[in-house]
Amino acid sequence: MNISAFLNECENDLRETFSKLEAVERFNTRKILKAFQEKGVSYRHFTPTTGYGYDDIARDTLETIYARVMNAESAIVRPHIASGTHALATCLFGILRPGDAMICAAGAPYDTMRQVIGIEGKAGTGSLKDLGVEYRQAELKADGSIDIPAVLALIDKKVRLVLLQRSRGYEWRKAISIDEIERLCKAVHAASDRAIVMVDNCYGEFTRENEPTSVGADVIAGSLIKNPGGGLAPTGGYIAGGKEMVELVSYRLTCPGIGSEVGSYAADYRPFYQGLFMAPHAVCQALKTANLAARAFEKLGMEVSPKPGEERDDIIQAIRFASERDLTDFVRQIQMASPVDSYAVPEAWDMPGYEDRVIMAAGTFVAGASIELSCDAPIREPYTAYMQGALTYEHGRYAIERALEALA
Ligand SMILES: *Cc1c(COP(=O)(O)O)cnc(C)c1O
């Protein structure tokens, strides 16, 4: 098989899909440029600060821009937020109080969130459960959509927060569409005057024209080494939402009374601005790469999710391989096709907190950044690789080409 010709053919099949993705990129680029221009972004907004960071104009302006882009009243965008999990946990601990209940609306939450909530891990860590927050869970329907009546059935006066994970995470299910998020928010708000909807927006940013906060979500959070950092942000996380919610979260971020008024950063803020500016493009490159992989592997008779051309609300592409050998080869080729650590050979290992061995490829400039081309796979049947990212489509295509050569 001539692999390059085969990929040209796949690209041809995807022409309409690619042009739809480019339209979303254009829309989001315009939205971001408008926010930059309204705030008059200039070199002084990139300047490092030290100490308390009172009146840090770089930080304050960046947060205002994020709020506008996310269609929210207020936002927190900080290098000190160590990861997506940290951003999400800060929201939960900031909003929930002893005696409250929370609901997960899309089945079990992302792995790392389980210890935060206290449904896994040992007692005494200061999880939400330790602090007296009750946990309830609604399963997804068989077709992967939210079971809104099941969520509503769990709502009573104790329920303060409904958490929705937008992305599939590392599961064989579809991402939750922005329309479904809107329906859930309407239903929850109609059923309760106390329950708010929080969305784990990791991997979802800029995949669509609207963010969850544009369709009724009260608060969202995510990681800057995923979509909104555009591959340039070196670290950090963001939170966006209604003014009151974000204020509550800010008291957990630092402390009650002080909130988001402090927090300096002694390095350059430029990568956070430039990364946000690049983000719609990076997301589009990642989505094109995901579609190309979906089309190519589907044509070879393999199961893929989502399917090529299907609407996407996250950047993850799941691909099922016939054997452990094929799965491992695929992950290794992704690593070998990387700009960084291309000589490293990924091995499956016993990652803390996971039942099966996991193999990963991440030859990324920013350590662990999954807006850059990367891949994760638990070693278990059915042998599924979860691939995401690619800062340039050309890199994505090159990696897929190498993987196809290795499998041929
Ligand atoms: C990545 C991710 C998280 C956690 O982010 P980390 O930065 O790895 O802590 C949470 N939820 C979803 C859906 C994610 O994709």
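Further up the page is the structure itself.
Now for a quick tour of the structure. (Residues numbered from 1 in each chain as written. Predicted model: local features only at pLDDT ≥ 70, side-chain atom pairs only at ≥ 80, totals over all residues. Heavy atoms only, no water.)

What follows covers the nonpolar core. Ranked by size, the top nonpolar core spans 96 residues in total, and within it Tyr66, Val151, Leu164, Leu184 and Phe330 carry the most contacts. Of all the elements, helix H9 (residues 270-299) adds the most residues to this core, at 14 residues. Those residues in contact with Val151, other than ones at most four positions away along the chain, are Ile103, Ala105, Ala138, Ile146, Val162, Leu184 and Val188. Grouped together as the second largest cluster of nonpolar side chains are 27 residues, Ile95, Val116, Ala221 and Ile239 included. (Core = buried A, V, L, I, M, F, W, Y, C linked by side-chain atoms within 4.5 Å. Buried < 20%, exposed > 50% of the residue type's maximum accessible area, 1.4 Å probe, protein only. Helix = DSSP H or I, 4+ residues; strand = E, 2+ residues; numbered from the N terminus. Contact = heavy atoms within 4.5 Å.)

Contacts to the ligand come from Ser83, Gly84, Thr85, Leu88, Tyr110, Gln165, Ser167, Asp200, Cys202, Tyr203 and Lys226. The separation between an oxygen atom of the ligand and a polar main-chain atom of Gly84 is 2.7 Å. One of the side-chain nitrogen or oxygen atoms of Thr85 is found 2.5 Å away from an oxygen atom of the ligand. Look at the ligand: alone it shows 380 Å² of surface, and the protein chains cover 88% of it. (Near = heavy atom within 4 Å. Polar contact = N/O pair within 3.5 Å; in protein donor to acceptor, adjacent residues only side chain to side chain. Areas by Shrake-Rupley, 256 points an atom, 1.4 Å probe, with all protein chains shown as cover.)

Below, the discussion takes up the packing of helix H1 (residues 3-13) against H9. Any two packed helices are characterised by the angle at which their axes cross and by the distance between the axes. Two elements in contact, H1 and H9, have axes whose closest approach is 9 Å; the angle formed by their N-to-C orientations is 115°. Crossing hand, H1 versus H9: right-handed. On H9, the residues that touch Phe6, Leu7, Glu9, Cys10, Glu11 and Asp13 of H1 are Leu292, Arg295, Ala296 and Lys299. The residue inventory of the contact of H1 with H9, partitioned by class, reads five nonpolar, no polar and five charged. (Axes fitted to C-alpha atoms, helices over the stretch in contact; angles between N-to-C directions. Left-handed = near helix turned anticlockwise from the far one by under 90°. Nonpolar A, V, L, I, M, F, W, Y, C, P; charged D, E, K, R; others polar.)

Scanning the model with the defined rule gives 14 aromatic pairs in all. Here a set of aromatic residues connected by ring pairs shows up, and it is made of Phe36, Tyr43, Phe46 and Tyr273. The residue whose ring lies beneath Lys226 is Tyr203, and the NZ or CZ to ring-centre distance is 4.2 Å. For Arg320, the ring lying beneath its charged end belongs to Trp172, and the centroid distance is 3.6 Å. (Phe/Tyr/Trp six-rings, centres within 6.5 Å; stacked < 30°, edge-to-face > 60°. Lys NZ or Arg CZ within 6 Å of the ring centre and 35° of its normal.)

Regular strands place their side chains on alternate faces of the sheet. Here strand E2 (residues 101-104) pairs with strand E3 (residues 134-137) via four bridges, running parallel. Opposite Ala101, over in E3, you have Glu134 as the bridge partner. Handedness of the crossover joining E2 and E3 through helix H5 (residues 111-117) is recorded here as right-handed. (Pairing = 2+ DSSP bridges. Right-handed = clockwise from strand over helix to strand, strands pointing away.)

Moving on: a nonpolar patch on the surface. Together, Leu33, Leu232, Phe277 and Met278 make up a nonpolar patch on the protein surface, roughly 290 Å² of accessible area in all. By the element assignment, Met278 lies in helix H9. (Patch = residues over 30% accessible without salt bridge, like charges linked within 9 Å, V, L, I, M, F, W, Y side chains within 5 Å. Salt bridge = Lys/Arg side-chain N within 4 Å of Asp/Glu carboxyl O.)

In this fold, Arg397 is placed in helix H11 (residues 393-407). Judged by its relative accessible area of 13%, Arg397 is buried. Filtering out sequence-adjacent residues up to four positions away, Arg397 remains in contact with Ser4, Leu7, Asn8, Glu11 and Leu292.

This brings us to the packing of helix H2 (residues 15-38) against helix H3 (residues 57-69). Axis separation between H2 and H3 bottoms out at 9 Å; the angle between their running directions is 140°. Crossing handedness for the pair H2 and H3: right-handed. Residues Lys31, Ile32, Ala35, Phe36 and Glu38 of H2 form the contact with H3, whose own contacting residues are Ile65, Arg68 and Val69. Each residue belonging to the contact of H2 with H3 can be placed in one class, and the counts come to five nonpolar, no polar and three charged.

So, on to unusual backbone geometry. Note the cis peptide between Ser305 and Pro306, where omega equals -5°. As for its placement among the helices and strands, Pro306 is situated in the loop between strand E8 (304-305) and strand E9 (317-321). A cis amide bond links Glu381 with the next residue in sequence, Pro382, at an omega value of -15°. Turning to its location among the elements, Pro382 is positioned in the loop between strand E11 (374-378) and strand E12 (383-388). Notably, Phe206 is not glycine yet its phi reads approximately 65°, a positive angle. In this fold, Phe206 is placed in the loop between strand E5 (196-200) and strand E6 (219-223). Judged by its relative accessible area of 2%, Phe206 is buried. Despite not being glycine, Ala390 has its phi angle at roughly 130°, a positive value.

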